[in-house]
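The residues making up each chain are set out below.
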Amino acid sequence: MKIAVSSQNQTNVTAHLGRCQKFWIYDMDDTTIQNKQVLQLTKDQSFHESSPKDSHPLDTVQVLISGSMGRGLARRLESKGIQPVITSETDPDTAVTAYLAGSLVVTMPEEHDHAHDHKGECGCNQETIPLTTK
């Protein structure tokens, strides 16, 4: 099994999956990490920039763990056979081992509350949302 964890700084689980360009890729057996390596995407390969219709370097993973993602991106992953997992756990290794043990605390995908400069091309199904200040 392959598990990807968003980790832009290669230390913590990244909170914004759509713009993340660095992922830890874990090759797993049932309970242990066999191999762990960094996958570096280009900006064009980030989920916000890439088309859900095209193949993606993360298409080979079965699970993708991140700190947050919108519902559209979660659906995009599911359509490719990837289980989206959102957690507040910040340590990538701990997130993976807890996921495998069935003890990882997970949350639901979010509605977007940030501006987009595209028309749902990233798979989030959101039009441009104007920013407002209070």
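Above this text you will find the structure in question.
Given the structure is predicted, the values throughout are model-derived calculations rather than measurements.

### Looking at the overall build of the protein chain
- When you go through the protein chain residue by residue, the secondary structure sums to 2 helices and 6 strands.
- If you list the helices and strands of the protein chain from N to C, you get β-β-β-β-α-β-α-β.
- Sequence separation of at least 24 residues holds for 48% of the intrachain contacts in the protein chain that already meet a minimum separation of 6.
- Total accessible area on the protein chain is roughly 7400 Å²; 48% of this is exposed by carbon and sulfur atoms.

### With respect to the pairing of strand β4 (residues 63–66)
- Side chains Val63 and Ile65 of β4 all project onto a buried face; the interleaved residues Leu64 and Ser66 project onto the opposite face, where all are buried too.
- Direction of pairing for strand β1 (residues 2–6) relative to β4: parallel, over a ladder of 3 bridges. Bridging from a neighbouring strand, valine 5 pairs with isoleucine 65 of β4.
- Regarding the hand of the β-α-β motif, the stretch spanning β4, helix α1 (residues 71–79) and strand β5 (residues 83–87) is right-handed.

### Brief notes about the environment of asparagine 35
- Counting through the fold element by element, asparagine 35 comes out in strand β3 (residues 33–40).
- Along the backbone, asparagine 35 and lysine 2 are 33 residues apart, and their C-alpha atoms lie at a distance of 9.6 Å.
- Discounting chain neighbours no more than four positions away, the residues touching asparagine 35 are Ile25, Tyr26 and Asp27.

### What about the sheet that holds β1?
- Across the sheet, which stays open at both edges, the 6 strands sit in the order β3-β2-β1-β4-β5-β6 with mixed pairing between neighbours. If you trace the sheet from one side to the other, it starts and ends with β3 and β6 (106–107), each paired once.
- Bridge count for β5 against β6 is 2 bridges, and the pairing is antiparallel. Counterpart to threonine 87 in the pairing with β6 is valine 106.
- This element, helix α2 (residues 92–101), spans β1, β2 (22–28), β3, β4 and β5 of the sheet and lies at about 40° to β2.

### Some words on the pairing of β1
- The element β1 is largely enclosed, with a buried count of 4 among its 5 residues.
- Bridge analysis of β1 against β2 gives 5 bridges, and the strand direction is antiparallel. Among the inter-strand pairings, serine 6 is bridged to a residue of β2, identified as phenylalanine 23.

Analysis parameters
- Residues numbered from 1 in each chain as written.
- Predicted model: local features only at pLDDT ≥ 70, side-chain atom pairs only at ≥ 80, totals over all residues.
- Heavy atoms only, no water.
- Helix = DSSP H or I, 4+ residues; strand = E, 2+ residues; numbered from the N terminus.
- Contact = heavy atoms within 4.5 Å.
- Areas by Shrake-Rupley, 256 points an atom, 1.4 Å probe, with all protein chains shown as cover.
- Buried < 20%, exposed > 50% of the residue type's maximum accessible area, 1.4 Å probe, protein only.
- Pairing = 2+ DSSP bridges.
- Right-handed = clockwise from strand over helix to strand, strands pointing away.
- Axes fitted to C-alpha atoms, helices over the stretch in contact; angles between N-to-C directions.

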